[in-house]
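The lines below spell out each chain.
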Amino acid sequence: MKRIVILFLMLLALANLTSPVLADGIIIPEPPICVRCPVPPPPPRQTPYLTVQTHRVNVTIKDQVATTHVDQIFRNDTSWALEGTYIFPMPENSAISNFAMWVNGERIDGKLYTKQEARRIYDDIVRRRLDPALLEYVGRDLFQASIFPIQPGDTRRVEIEYNQLLPVENGLVQYVYPLSTERFSAKPLENVSVTVEIESKEAIKTIYAASHAVNITRDGRLRAKVGWEEANVLPDKDFSLYYTISPEEVGVNLLSYQERGEDGFFLLFIAPNVDANQAQVVAKDVVLVLDTSGSMDGEKMTQARDALTFVLDHLNKEDRFNVIAFSTGVKLFSTQLEPLTKLGEARRFVADLKSGGSTDINRALLEAIKPADSQRPTIIIFLTDGLPTSGVVEKEAILNNVKQSASKNVRIFPFGVGDDVDTLLLDSLAQEVRGASAYVRPGERLDEKVSAFYAKVSTPVLADLALTVAGVTIDDTYPSPLPDLFVGSQLVLTGRYRNGGAATITLSGQVNGQTRTFRFGDVSFASPGEKKADFIPRLWATRKIGYLLNQIRLKGENKEAIDEIVNLSVRYGIITPYTSFLVQEPEMALSQSGRDRIAKEEYARAEAAPPAPSSGGGAVNKAVEQQKLSDADRGAPLATAPIAGTDTKAASGAVTVVGNKTFLLKNGIWTDTTFDATRLTTTKLPFPSERFFEFMTTYPEAGKYFALGTKVILVLDGLAYETVEGDSSETLSVNTPTPEPQVSTSTLLPTLTPMPTAVSATSTPVVANSAEAQVMLKADKVEGVVPLEVNFTGELTGGADDSRFYYCVPFNFDFGDGVSQGTTPRCRQWQAGAKVQRQFSANYIYAKPGIYRAMFDLNGTKSAPVTITVKDEAISPASAPSPVATETVMPATLTPVAVTPTALPIDTVKPDNGLSNTGYIIGGLLLLLSGVGLGWWLGQRKD
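Remember, predicted model here, so these are calculated numbers, not experimental data.

K.L.:
It is not clear to me how the overall build of the chain should be interpreted in this structure. Could you clarify?
P.N.:
Broken down by element type, the chain carries 16 helices and 48 strands. For the chain, restricting intrachain contacts to residue pairs at least 6 apart in sequence, the fraction spanning at least 24 positions comes to 73%. Carbon and sulfur atoms provide 51% of the accessible area of the chain, an area that totals close to 40200 Å².

Printed below as a string of structure tokens:
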């Protein structure tokens, strides 16, 4: 009996050596090895994932070199001991030079796989577990390392650190961390955080998080810190951060995206320096208008006086000001705008303000506007907690009076205090005079909200902005009109454009009565196929829906606006008051006739309904939520999502977004909202099947959509595809796209000398006898400027496929600069019929100029060297040394050597700045021995 148990466990241990298992990592565990389990283990495909207890990411970016440190704690909440392999999908288009990993303080061996190698691993896991979730990472490099068994209830701490070169494209830098892998956690993460510290040689202008709501702290022009943290969540998207650098006073940077057959979408970042000298600051006038009616008595009045005092204390040197208190009548600090020498008197005026009387909003606003100087920006901060009850009280009359009196340089910023305010009046005031409204809800502090607002607008640098684009036609932009530009602020403008291509952007505005103009000629709007920023369409749709909802709320129902809201809502998964049918009747969303019917019914309902109240908690809530949409920096959050653990076979109503596509869950099928069953029929893709994986080879970008589940309907390039269970006899028709040129992503600065055309440098073997095996090395390029990224391929040619000398043996890439990369594969013990591996690959970045002789070693057999010439950017091509061509190959030595898995050597990697160039997989020795020991112990107990 002992022998049977030991043999069984040995076989299980050896089987585990051949299958990759996962974490983020992800840890997708192997089936438990268990003889006397307290609970019967699940089937292999249902082995549960480990819980990610905490996940902390700390990133430092210095001059576009990012160092990422990942700290995760995994917990085994099952009843069985589980083991697995940690997998970390690398950020897209990353160029990793150093990689190291530790588990509970001990260094762990691992391996970095290229996209092609990683694809095989992903496909294998998807097939074995019948889980398509990993298809999202097809097309990415992969780091993989073994994790030893974790006992029930125990935790395992994993730390990873890697370096990455971030390319600069027209002053725009992007950092991405693959956070979405944490949805593989068995339970929500108790804590997850990402902290990014940025240091740059050039001034940092815009900092923009496309994926998460972050906190940004500036430290002068050259440093910044970005943070995001949440608890009890399952992150469903990668962390994506952009920042722009520019030596100019005002930086303008462009992101754009265009689908085939559609107008494009763009984001334009406009940002001045975070500080400014006095000559750059626009002198302004500030008028503080405070409601002192009886309802402001008590704590509200105390906070209002504190808010006004804060503003007075933070006026700029050349500013002028006035203070106006109003109730039944109006009380003026002065009949004119005063210089800062009058601040002491103004503070005493504010301290003596008392509450009492009714509310004459009309007269207070006209008194504030009256002394405005048409040559200086005028900011009116208007605080009220009630409705107009004295003087002119009709909303339309008040608005008309303000429009007639205010010059184009006046900005009104209304603050509604509490819920008893007229939201339509306050929001219309802000809209008519290019200001912005805000609401201080019960429980919020008025002084804190006003002081935070004023800190943002205290130092204008460009007023009355105007933007023109030559070379490309843009339209449908938001916000509209453009707000003024303030020191330390950033303006994110989104809109549509027709045809991509080169363009010149001109930005102009007023500075102290004079027009300043900035021109930016080195910009290009993306053409179809350049899919770099697919989040932009949904952000644009969010802002447009917010704008349309505001127009309907302020000006009345409009059929055309409702039609547009319904169509945008379905296409981009944004829930609105007109589109609750997305959840309740999802089938109506999937045809144009259904959407038209919904819009018609919603308009009829709105027409018949009584006018919505303009004050009260509900009115304020609506105003706040719609303002959030129109001012959004990210696409609207999803209102519905699938419930974890529920059976989705017949489920409907959930909405999710992947990239630029929205999917509805209808009858258990995730359905692309651009799929209209009245116009399209689907081509069936059985999952999993060879046909499915062939499709994925042709359309690798479809992986992120099919990762939703085993039943998906997807529309690509006008054709519809549907994953189904089992096999299908239908012929798969795939429109093969034209291959796009591959562009190197390792360029660090835009001013670097362009790389020469990629060549294939090969140490060519001379095979005299087909039975002889030889080793050679290839490089996709042999010269370029620093930093130079080179993809190496080591090959074994000739010889027998079942050669024991080359089966499961160590290999090593020597890059010629003292750094090497290698490993010993993890595989079964050699047996007759086993085939050798013929190709090996490595990616390396040369960070210093020089001439390097790279070599490849396969179990002691070395290739001829390949010479890599790396030039400094300052050296002209004519003066650079020519690469040395080499064609010699060292033939393989075919002396038979008995190799067994227990005797395989483990390669080492030479250190580089404290980090390993790569990790490497721990061989099967320890796992095999642990299996033998466990089997013997269990056998003893059984006997």
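K.L.:
Help me understand the side chain of Glu-117 in this model?
P.N.:
Looking at the secondary structure, you find Glu-117 in helix α2 (residues 115-129). Although Glu-117 is buried, it forms no salt bridge, and the closest oppositely charged side chain is Lys-111 at an N-O distance of 4.4 Å. Engagement of the side chain of Glu-117 in a polar contact is seen with the backbone nitrogen of Thr-114, the distance being 3.0 Å. Those residues in contact with Glu-117 that lie beyond four places of it in its chain are Lys-111, Leu-112 and Ser-841.

K.L.:
Teacher, can you tell me more about the packing of aromatic side chains here?
P.N.:
The way to describe two aromatic rings as a pair is by their centre distance and the angle between their planes. Applying the stated criterion across every chain yields a total of 34 aromatic pairs. Where Phe-266 meets Phe-525, the ring centres are 5.8 Å apart and the plane angle is 80°; that geometry is what we call edge-to-face. Of this pair, Phe-266 sits in strand β18 (residues 264-272) while Phe-525 sits in strand β30 (residues 514-525); the two residues are 259 residues apart in sequence, bridging distant segments of the chain. For Phe-525, a relative accessible area of 2% puts it in the buried group. Site record: aromatic cluster; members linked through ring pairs are Phe-687, Phe-692, Phe-693, Phe-695, Tyr-699, Phe-706 and Tyr-721. For the cation-ring pair, Arg-129 lies above Tyr-49, with the distance from its terminal atom to the ring centre recorded as 4.9 Å. Above the ring of Trp-540, the side-chain terminus of Arg-496 is found at 5.0 Å from the ring centroid.

K.L.:
Even after reading the chapter, I still don't get the sheet that holds strand β32 (residues 661-666), so can you show me in this structure?
P.N.:
Two pairing modes exist for strands in a sheet, parallel and antiparallel, and in both the strands are linked by backbone hydrogen bonds. Here 6 strands make up an open sheet; going across it, the order is β31-β32-β33-β35-β36-β34 and the pairing mixed. Each of the sheet's edge strands pairs with one partner strand only, and the pair in question is β31 (655-658) and β34 (682-687). Each strand of the sheet is rotated relative to its neighbour by a mean of 30°, with strand direction disregarded. Pairing between β34 and strand β36 (residues 719-725): 6 bridges, direction parallel. When the bridges of β36 are listed, Leu-685 appears paired with Thr-723.

K.L.:
Where do I start with helix α8 (residues 446-457) in this structure?
P.N.:
Turn by turn, an α-helix covers 3.6 residues, leaving residues three or four places apart pointing in a common direction. For α8, spanning 12 residues, the distance from its first C-alpha to its last is 17 Å, which sits close to the expected 16 Å at 1.5 Å a residue. Turning to α8, its buried residues number three or more, namely Leu-446, Asp-447, Val-450, Ser-451, Phe-453, Tyr-454 and Val-457. Burial along α8 is one-sided: seen end-on, the buried residues are contained in an arc of 160°.

K.L.:
Got a minute to help me understand the packing of helix α7 (residues 423-432) against helix α9 (residues 536-555) in this structure?
P.N.:
How two helices sit against one another is set out by the angle between their axes and by the gap between those axes. Across the interface, α7 lies against α9 with an axial gap of 10 Å and an inter-helix angle of 120°. Viewed along their axes, α7 and α9 adopt a mutual orientation that is oblique. Regarding α7 and α9, the two cross each other, and that crossing is left-handed. Within the contact between the two elements, α7 uses Thr-423, Leu-424, Asp-427, Ser-428 and Gln-431 and α9 uses Gln-551, Arg-553, Leu-554 and Lys-555. In terms of residue class, the contact of α7 with α9 is built from 2 nonpolar, 4 polar and 3 charged.

K.L.:
In this structure, what is going on with the environment of Lys-661? I would like to understand it.
P.N.:
As for its position among the elements, Lys-661 is in strand β32. Judged by its relative accessible area of 9%, Lys-661 falls in the buried class. Linking Lys-661 and Leu-714, residues 53 residues apart in sequence, is a C-alpha distance of 9.2 Å. If we ignore the near neighbours within four places in the chain, the residues touching Lys-661 are Arg-571, Thr-656, Asp-672, Thr-674, Tyr-705, Leu-714, Val-715 and Leu-716. At a separation of 2.9 Å, a polar atom in the side chain of Lys-661 contacts the side chain of Asp-672.

K.L.:
Please explain unusual backbone geometry as it appears in this structure.
P.N.:
Most peptide bonds adopt trans geometry, and most residues besides glycine take a negative phi value. At the junction of Tyr-478 and Pro-479, the peptide bond is cis and its omega measures out at 5° in the coordinates. Positionally, Pro-479 belongs in the loop between β26 (474-478) and β27 (485-486). In this model, Phe-687 is joined to Pro-688 through a cis peptide bond whose omega is -10°. With respect to the helices, strands and loops of the structure, Pro-688 is situated in the loop between β34 and α14 (690-698). The backbone of Asp-464 shows a phi angle near 55°, a positive value even though the residue is not glycine. Its identity as a non-glycine residue notwithstanding, Cys-808 has a phi of 50°, on the positive side. Exposure remark for Cys-808: the relative accessible area of 11% places this residue in the buried category.

K.L.:
Explain the sheet that holds strand β19 (residues 285-291) to me, please; I cannot follow it from the model alone.
P.N.:
The strand order across the open sheet built from 6 strands is β21-β20-β19-β22-β23-β24, with neighbouring strands paired in mixed fashion. If you trace the sheet from one side to the other, it starts and ends with β21 (330-332) and β24 (438-440), each paired once. Here the strands of the sheet are splayed against their neighbours by 20° on average, with no regard to which way each runs. Sitting on the sheet, helix α3 (residues 299-313) is in contact with β19, β20 (320-326), β22 (378-384) and β23 (410-417), with an inclination near 175° to β19.

K.L.:
Explanation requested: the pattern of salt bridges in the structure shown.
P.N.:
When charged atoms on two side chains of opposite charge get close, those side chains can pair. The tally for this structure, following the rule as stated, stands at 45 salt bridges. When the shortest N-O distance is used, the salt bridge between Asp-141 and Lys-115 registers 3.7 Å. Here Asp-141, found in the loop between α2 and β8 (142-150), pairs with Lys-115, found in helix α2; they are 26 residues apart in sequence, far enough to count as distant. Of the residues examined, Asp-141 reaches a relative accessible area of 16% and is grouped as buried. Across the salt bridge formed by Asp-476 and Lys-544, the nearest N and O atoms sit 2.6 Å from each other. One end of the pair, Asp-476, is in strand β26; the other, Lys-544, is in helix α9, and 68 residues separate them in sequence. Judged by relative accessible area, which is 28%, Asp-476 ranks as partly exposed. One network of salt bridges, in which partners are shared, links Arg-75, Asp-77, Lys-187 and Glu-190.

K.L.:
I keep staring at the confidence of the model for the chain and nothing clicks. Help me out?
P.N.:
Fine structural detail should not be taken from predicted coordinates in areas where pLDDT scores are low. For the chain, per-residue confidence averages 79 on the pLDDT scale, and residues scoring 70 or more make up 80% of the total. Counting interchain partners and residues more than four positions distant, the pLDDT-below-50 stretch residues 728-770 has 95 contacts. Low pLDDT, under 50, characterises residues 875-943; the predicted model gives this stretch 152 contacts beyond four residues in sequence or across chains.

K.L.:
What should I look at first to understand the pairing of β8 in this one?
P.N.:
Within β8, 7 of the 9 residues are buried, leaving the element largely enclosed by the surrounding structure. With 7 bridges joining them, strand β4 (residues 82-89) and β8 adopt antiparallel strand pairing. Paired with Phe-88 across the two strands is Phe-143, which belongs to β8. Note: strand β7 (residues 110-113) against β8, 4 bridges, orientation antiparallel. Each bridged residue has a counterpart across the sheet, and for Gly-110 the counterpart in β8 is Ala-145.

K.L.:
What is the right way to look at the side chain of Arg-595 in this model?
P.N.:
Relative to the assigned elements, Arg-595 resides in helix α12 (residues 592-608). Nearest to the buried, unbridged Arg-595 among oppositely charged side chains is Asp-676, at 5.2 Å. Reaching out from Arg-595, the side chain makes a polar contact with the backbone oxygen of Ala-589 at a distance of 2.5 Å. Apart from the residues lying within four places of it in its own chain, the contact partners of Arg-595 are Val-566, Asn-567, Val-570, Met-588, Ala-589, Leu-590 and Thr-673.

K.L.:
Can you help me understand the packing of α9 against helix α13 (residues 617-630) in this one?
P.N.:
At a minimum axis separation of 6 Å, α9 and α13 run at an interaxial angle of 145°. When the axes of α9 and α13 are compared, the crossing they make is left-handed. Counting all contacts with α9, which are made through Thr-542, Arg-543, Ile-545, Gly-546, Tyr-547, Leu-549, Asn-550 and Arg-553, the residues of α13 involved are Lys-622, Ala-623, Gln-626, Gln-627, Leu-629 and Ser-630.

K.L.:
What's the story with the environment of Leu-315 in this structure? I'm lost.
P.N.:
Structurally, Leu-315 can be placed in the loop between α3 and β20. As a C-alpha pair, Leu-315 and Ala-283 span 32 residues in sequence and 9.9 Å in three-dimensional space.

What counts and what doesn't
Residues numbered from 1 in each chain as written. Predicted model: local features only at pLDDT ≥ 70, side-chain atom pairs only at ≥ 80, totals over all residues. Heavy atoms only, no water. Helix = DSSP H or I, 4+ residues; strand = E, 2+ residues; numbered from the N terminus. Contact = heavy atoms within 4.5 Å. Areas by Shrake-Rupley, 256 points an atom, 1.4 Å probe, with all protein chains shown as cover. Buried < 20%, exposed > 50% of the residue type's maximum accessible area, 1.4 Å probe, protein only. Lys, Arg positive; Asp, Glu negative; His and termini not counted. Salt bridge = Lys/Arg side-chain N within 4 Å of Asp/Glu carboxyl O. Polar contact = N/O pair within 3.5 Å; in protein donor to acceptor, adjacent residues only side chain to side chain. Phe/Tyr/Trp six-rings, centres within 6.5 Å; stacked < 30°, edge-to-face > 60°. Lys NZ or Arg CZ within 6 Å of the ring centre and 35° of its normal. Pairing = 2+ DSSP bridges. Axes fitted to C-alpha atoms, helices over the stretch in contact; angles between N-to-C directions. Expected span 1.5 Å × (residues − 1). Arc of directions from axis to C-beta. Parallel < 35°, antiparallel > 145°, perpendicular 65-115°, else oblique. Left-handed = near helix turned anticlockwise from the far one by under 90°. Nonpolar A, V, L, I, M, F, W, Y, C, P; charged D, E, K, R; others polar. pLDDT = per-residue confidence, 0-100.

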